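# Per-entry structural report
What follows is the residue order along each chain.
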There are 2 protein chains.
Amino acid sequence: MIDNQNTPETAVKQDELRLEKFLPYRLSVLSNRVSNAISQAYGARFHLTIPAWRVMAILGRFPDLSAAELVEQTAMDKVAISRAVSSLLKNDYITRSEDPADRRRQVLNLSELGREVYARIVPLAQQYENDLIASLSSEEREQLDGIIEKLLVRAKEWSERGLIDE
Amino acid sequence: MIDNQNTPETAVKQDELRLEKFLPYRLSVLSNRVSNAISQAYGARFHLTIPAWRVMAILGRFPDLSAAELVEQTAMDKVAISRAVSSLLKNDYITRSEDPADRRRQVLNLSELGREVYARIVPLAQQYENDLIASLSSEEREQLDGIIEKLLVRAKEWSERGLIDE
DNA sequence: GTACAGTGGTTACAATTGAAACCAATGTTA
DNA sequence: TAACATTGGTTTCAATTGTAACCACTGTAC
């Protein structure tokens, strides 16, 4: 429908932006498609939102965390964590206990039920990841790993040290 | 704060998910950080949301599109496009004219002002992209390009043909 | 012609999200 | 000890987003 012939690969004006090749845009499309697909898979089965599943995924690996430590681990904001935690408590997927040493702090863990759900979702998630990278060679997978790591470092610097030029 | 020593690279239990290495998660964190940083840069200066800027970016390259064609190009949904278009009209960043051949269809274009803004944002966006990939070698940049393309194809198949196993 | 399906686009309403205000407990300074 | 800043976490309210219903117009079948 859209005539592309006037913008051949070899001659792009510098003052034009080829959105379909613009990395931030491609990352956004890719990430949204992937997250939506996966969350449909487990969301329907276990009534989990993306933030809630993330909290479970972290607690599955690192027990005895507080909400603040979850914030630190996930880069999610504290309100999102708070809501995810309260919905997980309603589902009985996690437990919460007071820290006697600091009565503001509340220690979170997967419940028995939560561990069961976790154990069922993990292979599902891994299956999606495997399917996603199925068309990559093993060299490409290693390359991707290193590249993403570098990009994450850079993007984190932006959020910590402020933006370019400012 | 979190003790990582009990999960060395070399020995990960298969029934655990190392979220910080899980590709969908990393993509999400990366994409959010990048989009937020960039949109802060142009959003503050030009009162543009991410969807609105995307519409401008497409119209800057492909004039005379209708809203439906924007949907096709961007993979955004039609409501988001409609809202972006109406806010851009308010800003006088785009123009809208009826298609005499089909009175439902409305043809969109950057206005004079819109072209000026576009011309100022494009280098800004490119600067961010360059900064993001600054730590990649030129080989890595090419690798990334090809890899993302493959991943996008796969993820698109998910959204078109339904999920794995279903 | 009139019916009726399909398309372009907007509106309405509910769910999700984010920013800021807030409460309670702790730490720090004097 | 009293004052005040800090931290952990929740609530409130407004902005953003997604789904579905909707209106206007077009194309096709009869």
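These numbers come from a predicted model, not from an experiment.

What follows deals with the nonpolar core. The tendency in soluble globular proteins is for nonpolar side chains to be buried as a group. One finds A:Leu48, A:Trp53, B:Leu48 and B:Trp53 to be the most contacted residues of the largest nonpolar core, which totals 102 residues. Filtering out sequence-adjacent residues up to four positions away, B:Trp53 remains in contact with A:Leu17, B:Tyr42, B:Leu48, B:Tyr118, B:Ile121 and B:Val122.

Around DNA strand C, a shell composed of 16 residues is seen, among which A:Arg83, B:Ala68, B:Lys78, B:Arg96 and B:Arg104 lie nearest. The sugar-phosphate portion of DNA strand C accounts for 47% of its atoms within 4 Å of the protein, the bases making up the rest. B:Ser82 has a polar side-chain atom sitting 2.9 Å from a phosphate oxygen of DNA strand C. When residues of the surface near DNA strand C are traced back to their parent elements, those giving at least two are helix H4 (78-90) and strand S2 (102-110) of chain A together with helix H3 (67-74), helix H4 (78-90) and strand S2 (102-110) of chain B. Here the surface near DNA strand C takes four residues from H4(B), the largest share from any one element. Residue composition of the surface near DNA strand C, grouped by class: four nonpolar, three polar and nine charged.

Residue and element names in this part refer to chain B. Bridge analysis of strand S1 (residues 94-99) against S2 gives six bridges, and the strand direction is antiparallel. Bridged to Glu98 within S2 is Gln106. Turn length for the S1-S2 hairpin, with the two strands adjacent in sequence and antiparallel, is two residues.

Size of an interface: often given as the accessible area lost when the parts come together. With 75 residues of chain B at the interface, the matching set in chain A holds 75 residues. In total, chain B and chain A occlude about 7,900 Å² of area from one another, counting both sides; carbon and sulfur atoms represent 62% of this. Together, B:Arg33, B:Arg61 and B:Trp158 form the three largest contributors to the area buried by chain B at its contact with chain A, with a combined 10%. Here chain B is connected to chain A by 13 salt bridges. Between A:Lys21 and B:Asp145 there is a salt bridge; the shortest N-O distance is 3.8 Å. Here chain B is connected to chain A by 24 residue pairs in polar contact (both at pLDDT 80 or more). Sorting the residues of the side of chain B that touches chain A by element identifies helix H1 (23-46), helix H2 (50-61), H3, helix H5 (112-132) and helix H6 (138-161) of chain B as the ones contributing at least two each. Tallying contributions element by element places H1(B) first for the side of chain B that touches chain A, with 17 residues. Across the side of chain B that touches chain A, the residue classes break down as 37 nonpolar, 15 polar and 23 charged.

Lining the immediate surroundings of DNA strand D are 17 residues, of which A:Ala68, A:Lys78, A:Arg96, A:Arg104 and B:Arg83 lie closest. Sugar plus phosphate, as a fraction of atoms of DNA strand D within 4 Å of the protein: 48%. Going through the elements one at a time, helix H3 (67-74), H4 and S2 of chain A together with H4 and S2 of chain B are the ones with two or more residues in the surface near DNA strand D. The element that contributes the greatest number of residues to the surface near DNA strand D is H4(A), accounting for four residues.

Let's shift gears to unusual backbone geometry. A positive phi angle is found at A:His47, which is not glycine, with a value near 55°. Locating A:His47 in the fold gives a position in the loop between helix H1 (23-46) and helix H2 (50-61). Even without glycine at this site, B:Ala75 takes up a positive phi of about 65°. Exposure remark for B:Ala75: the relative accessible area of 46% places this residue in the partly exposed category.

About the criteria used
- The residue numbering used here restarts from 1 in each chain and proceeds along that chain's sequence as written.
- Going through the entries in the order they are written, you letter the chains from A and number the ligands from 1.
- Whole-chain, interface and lining totals are the exception, using all residues; otherwise, since this is a predicted model, local features are given only for residues with pLDDT of at least 70 and side-chain atom pairs are given and counted only at 80 or more.
- Here the side-chain values reflect all heavy atoms present in the structure, with hydrogen atoms and water set aside.
- Think of a nonpolar core as a cluster: buried Ala, Val, Leu, Ile, Met, Phe, Trp, Tyr and Cys residues, connected wherever their side-chain atoms sit within 4.5 Å.
- Relative accessible area decides the class of each residue, using a 1.4 Å probe on protein chains only: under 20% of the type maximum gives buried, over 50% gives exposed, and in between gives partly exposed.
- In this analysis, two residues are considered to be in contact whenever any of their non-hydrogen atoms come within 4.5 Å of each other.
- Proximity is defined per residue: any heavy atom of the residue falling within 4 Å of a molecule or strand makes that residue near it.
- N or O atoms closer than or at 3.5 Å make up a polar contact, with two conditions inside protein: a donor-capable atom paired with an acceptor-capable one, and, for residues adjacent in sequence, both atoms drawn from side chains.
- Secondary structure elements follow DSSP: runs of H or I of four or more residues count as helices, runs of E of two or more count as strands, with numbering from the N terminus.
- Residue type decides the class: Asp, Glu, Lys and Arg count as charged, Ala, Val, Leu, Ile, Met, Phe, Trp, Tyr, Cys and Pro as nonpolar, and the leftover types, Gly among them, as polar.
- Should DSSP find at least two bridges between two strands, the strands are taken to pair.
- A quick way to say it: buried area is the sum, across both parts, of accessible area lost when two parts are put together, with a 1.4 Å probe.
- Think of a salt bridge as a Lys or Arg side-chain nitrogen and an Asp or Glu carboxyl oxygen that are within 4 Å of each other.

These results come straight from atomic positions and should not be treated as a statement about function.
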